[in-house]
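Each chain, written out:
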Amino acid sequence: MSEKKGAKIFKTKCAQCHTVAAGEGHKQGPNLHGLFGRQSGLAEGYSYSTANKTSGVVWGEDTLFEYLLNPKKYIKGTKMVFAGLKKPAERKDLIAYLKASTA
């Protein structure tokens, strides 16, 4: 897993909709600070879909790995329009970056 490669993936595929630092505002998607260990649909001040709020998913490496493959399949009814990352290595790199940058 490469945090550096993950940062590049985040910048090109995620940053247009998400922020990661504490105190940064929400964009089209929620700020991801404090993501790991948090239940889906609970970032304060963001208007989530009912699907996200009621999914019961707790974000961790395993759940993110599956979610990032195909978000609309993992949480049916999500507002997230991202098609997903098909390559396992890219998902692992992105997760490494998110783990470091959202803590």
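Going by the structure above, here's the rest.
Below, the structure is looked at part by part. Since this is a predicted model, take the numbers as computed values, not measurements.

Moving on, we get to the packing of aromatic side chains. One pass over the structure, following the stated rule, counts four aromatic pairs. Ring plane angle 80° and centroid distance 5.9 Å describe the contact between tyrosine 67 and tyrosine 74, whose orientation is recorded as edge-to-face. A residue is classified by how much of its surface remains accessible, and tyrosine 67, at 7% relative accessible area, is buried. When the ring centre of phenylalanine 65 is taken as reference, the NZ or CZ atom of arginine 91 above it lies at 4.1 Å.

Among the residues of helix 1 (residues 3–13), Gly6, Ile9 and Phe10 are the ones counted as buried. For helix 1, the angular spread of the buried residues around the axis is 100°, confining them to a single face. Every exposed residue of helix 1 that faces more than 90 degrees away from the buried side is listed here: Lys4, Lys5, Lys8, Lys11 and Thr12.

Analysis parameters
Residues numbered from 1 in each chain as written. Predicted model: local features only at pLDDT ≥ 70, side-chain atom pairs only at ≥ 80, totals over all residues. Heavy atoms only, no water. Phe/Tyr/Trp six-rings, centres within 6.5 Å; stacked < 30°, edge-to-face > 60°. Buried < 20%, exposed > 50% of the residue type's maximum accessible area, 1.4 Å probe, protein only. Lys NZ or Arg CZ within 6 Å of the ring centre and 35° of its normal. Helix = DSSP H or I, 4+ residues; strand = E, 2+ residues; numbered from the N terminus. Arc of directions from axis to C-beta.

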